[in-house]
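Results of the structural survey
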Amino acid sequence: MTWAEPSSTATALLLLGRGTDPDTEKGVECPGDLPAPSDPDLVERARAAKAALGDRVFVLGHHYQRDEVIQFADVTGDSFKLAREAAARPEAEFIVFCGVHFMAESADILTSDAQRVVLPDLAAGCSMADMAVLSQVEKAWERFTELGIAGDVVPVTYMNSSADIKGFVGRNEGVVCTSSNAETALRWSYEQGSKVFFLPDQHLGRNTAVLKLGMQLSDCVLYDPHKPGGGLTDEQLRDARMILWRGHCSVHGRFSLDAVEDVRARVPGVNVLVHPECRHEVVTAADHVGSTEYIIRMIEAAPAGSAWAVGTELNLVRRLALAHPDKQIMFLERNVCYCSTMNRIDLPHLVWALEELVAGRVPNQITVDPDTAHYARVALDRMLALP
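Bear in mind the structure is a predicted one, so any value in this text is a computation, not a measurement.

Overview of the overall build of the chain
A count of helical and extended segments in the chain gives 17 helices and 14 strands. At 21 Å, the chain has a C-alpha radius of gyration in line with the 21 Å of a compact globule built from 387 residues. Each of the three principal axes of the chain carries a C-alpha extent, and together these read 65 × 55 × 40 Å. Relative to its full complement of 387 residues, the chain shows a buried share of 56%. Contacts in the chain between residues at least 24 apart in sequence constitute 68% of all its contacts with a sequence separation of at least 6.

So, the packing of aromatic side chains
Working definition: an aromatic ring pair is given by the centre-to-centre distance plus the angle between the planes. Taken as a whole and judged by the stated rule, the model has eight aromatic pairs. Aromatic side chains Trp-141 and Phe-144 sit 5.8 Å apart centroid to centroid with 65° between the ring planes, which places their arrangement in the edge-to-face category. Taken as a pair, Trp-141 and Phe-144 lie in helix α7 (residues 134-147) at a separation of three residues, close to a single helical turn. For the pair Trp-141 and Phe-144, one class covers both residues: buried. When the ring centre of Tyr-190 is taken as origin, the NZ or CZ atom of Arg-241, which lies over that ring, is 5.3 Å away.

Focus: unusual backbone geometry
In this chain, Leu-199 is followed by Pro-200 through a cis amide linkage whose omega measures -25°. The residue Pro-200 is located in the loop between β7 (195-199) and α10 (202-211) in this model. Within the chain, Glu-173 stands out as a residue other than glycine whose phi angle is a positive 65°. Its location among the elements puts Glu-173 in the loop between α8 (163-171) and β6 (175-177). A positive phi angle is found at Asn-364, which is not glycine, with a value near 45°.

Section: the packing of helix α2 (residues 42-53) against helix α16 (residues 347-358)
Contact geometry of α2 with α16 gives a least axis separation of 9 Å together with a crossing angle of 30°. The handedness of the crossing between α2 and α16 comes out as left-handed. Counted together, Leu-42, Val-43, Arg-45, Ala-46, Ala-49, Lys-50, Ala-52 and Leu-53 of α2 and Leu-347, Pro-348, Val-351, Leu-354, Glu-355, Leu-357 and Val-358 of α16 form the full contact between these two elements.

Let's talk about the pairing of β7
Consecutive side chains along a regular strand alternate between the two faces of the sheet. Buried residues dominate β7, accounting for five of its five residues. Residues Lys-195, Phe-197 and Leu-199 line one face of β7 and the alternating positions Val-196 and Phe-198 line the opposite face, and both faces are buried. By the bridge criterion, five bridges tie strand β5 (residues 153-158) to β7 in an arrangement that is parallel. Bridging from a neighbouring strand, Val-154 pairs with Val-196 of β7. In the sheet, β7 pairs with strand β9 (residues 242-245) via three bridges, with the strands oriented parallel. In the strand pairing of β9, Val-196 is matched with Met-242.

What to know about the environment of Glu-146
In this structure, Glu-146 sits in helix α7. Classification of Glu-146 as exposed rests on a relative accessible area of 66%. Sequence-wise, Glu-146 and Leu-119 are 27 residues apart; in three dimensions their C-alpha atoms are separated by 40 Å.

Some remarks on the sheet that holds strand β8 (residues 220-223)
In a beta sheet, neighbouring strands pair by backbone hydrogen bonds and run either parallel or antiparallel. Ordered by their spatial adjacency, five strands build an open sheet running β6-β5-β7-β9-β8, and the pairing between neighbours is parallel. Of all the strands in the sheet, just β6 and β8 have a single pairing partner and so form its edges. Strand-to-strand twist across the sheet, computed as the mean angle between neighbouring axes with direction ignored, equals 25°.

Points about the sheet that holds strand β14 (residues 365-366)
Spatial strand order, β2-β1-β3-β4-β14: five strands in an open sheet with mixed pairing. Two strands in the sheet have a free side with no partner beyond their single neighbour: β2 (75-77) and β14. The pairing of strand β1 (residues 57-62) with strand β3 (residues 94-98) spans five bridges and is classified as parallel. Bridging from a neighbouring strand, Val-59 pairs with Val-96 of β3.

Procedures and definitions
Residues numbered from 1 in each chain as written. Predicted model: local features only at pLDDT ≥ 70, side-chain atom pairs only at ≥ 80, totals over all residues. Heavy atoms only, no water. Helix = DSSP H or I, 4+ residues; strand = E, 2+ residues; numbered from the N terminus. Rg over C-alpha atoms; globule rule 2.2 N^0.38 Å. Buried < 20%, exposed > 50% of the residue type's maximum accessible area, 1.4 Å probe, protein only. Contact = heavy atoms within 4.5 Å. Phe/Tyr/Trp six-rings, centres within 6.5 Å; stacked < 30°, edge-to-face > 60°. Lys NZ or Arg CZ within 6 Å of the ring centre and 35° of its normal. Axes fitted to C-alpha atoms, helices over the stretch in contact; angles between N-to-C directions. Left-handed = near helix turned anticlockwise from the far one by under 90°. Pairing = 2+ DSSP bridges.

Written out as structure tokens, the structure reads:
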């Protein structure tokens, strides 16, 4: 089947990073000359810079990256896989992380002090990670302490969180999880305490608690840091088993139940496959739910001629459709749904970063302070020790 690109709108193009606002966006200006996107020599320049650096550089590409960037990645994968791949390459002096800021932080935490992690564009952040600010999380924990429940609460943070939040979790005897092992991490947590404080993605926390651990929706409460006391009464916090932070993925949060019903009406026999960061009503209406790696494996193993509506980032869905022309693979939503911050990493920024390294300059180095890195590593190591 021929891949049909969802229609682009002016807003979608703005979200893709076509245009900048230096007064409000950090890192959108690069020292030196950023190559023009129209430069016909970009591909050759990237190849030449990589060749000049040789084994000194290791380029990581997240699944949601543009194809123009992915073609230069030494390894592709989800955020945690890529961070571990970086740690497994101690001979690489430079880790160029084509992803978003929290991923580069994780790579810095897991790699040696001799290695330097570079993010080609500092504006490549993550809206979900930014929804959990350390000062807000600490204020919530103070509330738990005042209520006398902090000793019963185990903090769990999704990999898609800042180093600060991972450090907070490590200091407070908690654990990091991925979308693949969230169930295992939560089961471990409930062996340590009677409540979980889940950061920052409410949907992954809720979906895992209800669909994997058999909880009721009423066991979950939503802590909103923008409301006094999180918008919750003392009784609600005392009774809750799962305290969810009010955060979400700006991409996966857009998929709707209407989209699921619409594609089922249009495509007989379609399989709906979505990421667990989607809303609860979308996940419960889908046929299959799983992490990015799970989605890839499902499509690869699917029989020829089968139809799939996939609810995840568009770059990945398009790449899967082009790689499997014998299957009918479509985007679950009709509107464009790129990860706008991930798309900040484009070929001009990658070329600029690589050429800076060739010139002996280290651009956009991502570093995590030693204390935060230590406790973040504690939380990560707890996850790695899970069965």
